[in-house]
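# Coordinate analysis (summary)
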Amino acid sequence: MQIPFITSLIHYFKVVYSYTGKKLYILLLLFLFGGLSESIGISMLLPVLNIERAVSDQDQYTKTIYNFLESIGVNISLFPLLMLLLIAFLFKGTFVFLQKIFTSHIRLSLIKDIRIDFCNKYKGMKYSYYTDTSIGYLNNIITTEIERGVAALSRYTVVIGSLFLILIYISFAIVINYKMTIVVIFMSLLVFTLMRSIFRLSRKLSLLVSDTNSRVQSLLIQTIYSFKYMKATDSFTHVFNQLFGIINKNYIYRFKGAVLTSIPSSIIEPISILFISGLVLYYVGFHGKPIAEIFVLVIFFYKAFNYVFRFQSDWQKFNASLGGLEVMSKALRILNNNAEKAGNRQINVFNKAIELKNVNFSYGPKQVFFDVNLAIQKNKSIGIVGESGAGKTTMFDIITGLLTPQSGKISIDGIDYSELELSSLRNVIGYVTQEPVIFNDTIANNISFWECDSQEDICKKRIKDAAILANCDRFINKAEMGYETIIGDKGVKLSGGQRQRIATARELFKEPKIMIFDEATSSLDTESEL
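This write-up is about the structure you can find in this document. (Residues numbered from 1 in each chain as written. Predicted model: local features only at pLDDT ≥ 70, side-chain atom pairs only at ≥ 80, totals over all residues. Heavy atoms only, no water.)

When helices and strands are counted, the protein chain shows 20 helices and 6 strands. Buried residues in the protein chain amount to 45% of all 530 residues. Contacts in the protein chain between residues far apart in sequence, at least 24 positions, make up 76% of those at least 6 positions apart. Accessible area for the protein chain stands at about 28900 Å²; split by element, carbon and sulfur atoms hold 60% of it. (Helix = DSSP H or I, 4+ residues; strand = E, 2+ residues; numbered from the N terminus. Buried < 20%, exposed > 50% of the residue type's maximum accessible area, 1.4 Å probe, protein only. Contact = heavy atoms within 4.5 Å. Areas by Shrake-Rupley, 256 points an atom, 1.4 Å probe, with all protein chains shown as cover.)

Shown next, in the form of structure tokens:
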């Protein structure tokens, strides 16, 4: 029968290894060497304390150390013993320094790499999955949950490191006095068992923190994006009541988690001192054992006992941050399952036509297209007219490969979309959407989309030419900083028509083979529209 704790320890070792690879083994070796160096240093205290005692009064452990040192040519005197003690702790300090530096390297590089990986996953996810998923959820993963997940991985390495140190200290203690060591092990296991319920509750609270983080970000993003409307209509009250309620729940879950995390760390020293004091009283006060032997043993027990409780505290913190790791792992699985499927044929030019043959598309039970047949010839302009909700935008989403028809065929120059690498298709398309896409940057960068350096002359000319074609050069030149004017989130400093013209200039800058306007001139004056 497997012990659940051991099962969890092994399971998460595999999880951590899947992210860190062989770096995990290097880190564990640094923990091991640091623990061994410190233990050797501590064990050298007993020979130092017994240096002036008669050979007949020395304990077996001290005699063994002396015999070993003499066999390698070390003179048994105070100075060589102190030098060996110093060297052992210098090695320990070096290994601890390397372990901390390497831990920071692993943690920070993991955050960087996982964030980049998730950004690429977002790029490759299906458009249909995006429309069904909260933006706050997607944003929360990148900004919060990845860092919490990596913190959990980092804490797990500390847990394993603590386990290594406990085993090392216990091993050295067994050599000195195995009976007393067995008592310490029993007491440690008893305390650890009593803490099990705290670990389970911490894990549950961690998942609730992740959920409320996502909900806060989702509602906050929507509130900020709708600021103009909400400010103009004084609609903040009800939305903020909802938002503040979620924020308060998040606070409660975090506070409860912090309280649970504080329990193990707050009782480490009192219980350690109480237990060790009892051992010293029993062995020295009642059995008359030498204080030197007990002194070194007490140091080992104190270190071991501290690491036992630290192990519990670290395991508690690991469970408290597991929510981030589980959300991150679950999101990764979902994104992999919702990755856009595409072929490997490239298309770099548009020579003939885009054709739709017997295309059917529906949103659930609602049928939008019924056996649509359409040919869009090169260098031809086609207008698609219909009332709101008739499927005009859906048509454009199918043409750009964002949506896949349930049946029928769509092709470009005779190549079926299922065979295409869709990114190559989209590179030949310019798409001005109903809601202009504007970033909080300069007008120049919004037109070039950072394809080139807007300070270079060649890039400047391309930007200006596109702006002239989109009829926005005049209002740009009147702006405070011209093409270098910062226009705010979603172009909040511009009018609706100005935003549409800049979005059009961006697509013209790309020099696409195919141009799609989805009601993109609705906010333009007659001159600009023509």
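There's plenty left to go through after this.
On inspection of all chains with the given rule, the structure shows 10 salt bridges. We note a salt bridge from Lys112 to Asp113, for which the minimum N-O separation is 2.8 Å. Lys510 serves as the salt-bridge partner of Glu507, at 3.2 Å between the closest nitrogen and oxygen. (Salt bridge = Lys/Arg side-chain N within 4 Å of Asp/Glu carboxyl O.)

In this structure, the largest pocket spans a volume of roughly 2400 Å³. As for the largest pocket, its lining consists of 46 residues, and the residues nearest its centre are Tyr130, Leu402, Val437, Phe439 and Phe449. Mapped onto the lining of the largest pocket, the elements with two or more residues apiece are α5 (78-124), α6 (127-131), α7 (135-176), α14 (392-399), α15 (422-426), β5 (429-432), α16 (443-448) and α19 (496-509). Among the elements that line the lining of the largest pocket, the one with the most residues is α19, at 4 residues. Looking at the lining of the largest pocket residue by residue, the classes come out as 21 nonpolar, 11 polar and 14 charged. (1 Å grid on protein atoms, 1.4 Å probe; cavity = no way out; pocket = protein on both sides within 12 Å on 5 of 7 lines; lining within 4 Å. Points joined across faces, edges and corners; volume = space filled by probe spheres on them. Nonpolar A, V, L, I, M, F, W, Y, C, P; charged D, E, K, R; others polar.)

Once that is clear, we can look at the sheet that holds strand β4 (residues 415-416). The 4 strands are arranged β2-β1-β3-β4 in an open sheet whose pairing can be described as antiparallel. The open sheet has two edge strands, β2 (366-377) and β4, and neither has a second partner. Sitting on the sheet, α14 is in contact with β1 (353-363), β2 and β3 (407-412), with an inclination near 60° to β2. (Pairing = 2+ DSSP bridges. Axes fitted to C-alpha atoms, helices over the stretch in contact; angles between N-to-C directions.)

Once that is clear, we can look at the side chain of Thr20. With respect to the element layout, Thr20 can be found in helix α1 (residues 4-20). By relative accessible area, Thr20 is classed as buried at 10%. Not counting chain neighbours up to four residues away, the residues in contact with Thr20 comprise Ile106 and Leu110.

Inspection of the entire model under this criterion finds 1 disulfide. Put simply, Cys452 and Cys459 are joined by a disulfide, and their sulfur atoms are 1.9 Å apart. Between Cys452 and Cys459 the sulfur-sulfur dihedral comes to about 65°; the bridge is accordingly right-handed. (Disulfide = S-S within 2.5 Å.)

Taken together, Phe79, Met83, Leu86, Ile87, Leu90 and Phe91 make up a surface patch of nonpolar side chains, about 610 Å² in accessible area. Looking at the secondary structure, you find Ile87 in helix α5. Given a relative accessible area of 38%, Ile87 falls into the partly exposed group. (Patch = residues over 30% accessible without salt bridge, like charges linked within 9 Å, V, L, I, M, F, W, Y side chains within 5 Å.)

Next up on the list: the pairing of β1. The pairing of β1 with β2 spans 8 bridges and is classified as antiparallel. Of the residues in β2, the one forming a bridge with Val359 is Val372. Relative to β3, β1 is paired through 5 bridges, and the arrangement is antiparallel. By the bridge assignment, Ile354 is partnered in β3 with Ile412.

Okay, the side chain of Ser37 next. With respect to the helices and strands, Ser37 occurs in helix α2 (residues 23-43). Owing to a relative accessible area of 10%, Ser37 belongs among the buried residues under this scheme. A polar atom in the side chain of Ser37 sits 2.8 Å from the backbone oxygen of Phe33. The contact partners of Ser37, leaving out residues within four places of it in the chain, are Ala88, Phe91, Lys92 and Phe95. (Polar contact = N/O pair within 3.5 Å; in protein donor to acceptor, adjacent residues only side chain to side chain.)

What follows covers the packing of aromatic side chains. The tally for this structure, following the rule as stated, stands at 15 aromatic pairs. An angle of 55° between the planes, with centres 5.5 Å apart, marks the rings of Tyr156 and Phe318 as tilted. Of this pair, Tyr156 sits in helix α7 while Phe318 sits in helix α12 (residues 291-320); the two residues are 162 residues apart in sequence, bridging distant segments of the chain. As far as burial versus exposure is concerned, Tyr156 and Phe318 are alike and both buried. Taken together through their ring pairs, the aromatic side chains of Tyr12, Tyr156 and Phe318 make up a single cluster. When the ring centre of Phe509 is taken as origin, the NZ or CZ atom of Arg462, which lies over that ring, is 4.0 Å away. (Phe/Tyr/Trp six-rings, centres within 6.5 Å; stacked < 30°, edge-to-face > 60°. Lys NZ or Arg CZ within 6 Å of the ring centre and 35° of its normal.)

If you look at the biggest cluster of nonpolar residues, it comprises 58 residues, and the most contacted ones within it are Phe118, Tyr122, Ile141, Ile146, Tyr156 and Leu325. With 18 residues, α7 is the largest single contributor of residues to this core. (Core = buried A, V, L, I, M, F, W, Y, C linked by side-chain atoms within 4.5 Å.)

For the rest of this paragraph, the subject is the packing of α5 against helix α13 (residues 322-337). One can describe the packing of α5 onto α13 by two numbers: an axis separation of 10 Å at closest approach and a directional angle of 30°. Between α5 and α13 the crossing geometry is left-handed. Side by side, α5 and α13 meet where Ile114, Asp117, Phe118, Lys121 and Tyr122 of the first sit next to Met328, Ala331, Leu332, Leu335 and Asn336 of the second. The residue inventory of the contact of α5 with α13, partitioned by class, reads 7 nonpolar, 1 polar and 2 charged. (Left-handed = near helix turned anticlockwise from the far one by under 90°.)

One simple way to see leftover space: roll a probe sized like a water molecule over the atoms. Inspection of every chain in the model, using the stated rule, returns 1 cavity of 30 Å³ or more. Roughly 70 Å³ of internal volume is contained in the largest cavity. Residue lining of the largest cavity: Val16, Thr20, Leu27, Thr103, Ile106, Arg107, Leu110, Val150, Leu153, Ser154 and Thr157, and that is the complete set. The residue inventory of the lining of the largest cavity, partitioned by class, reads 6 nonpolar, 4 polar and 1 charged.

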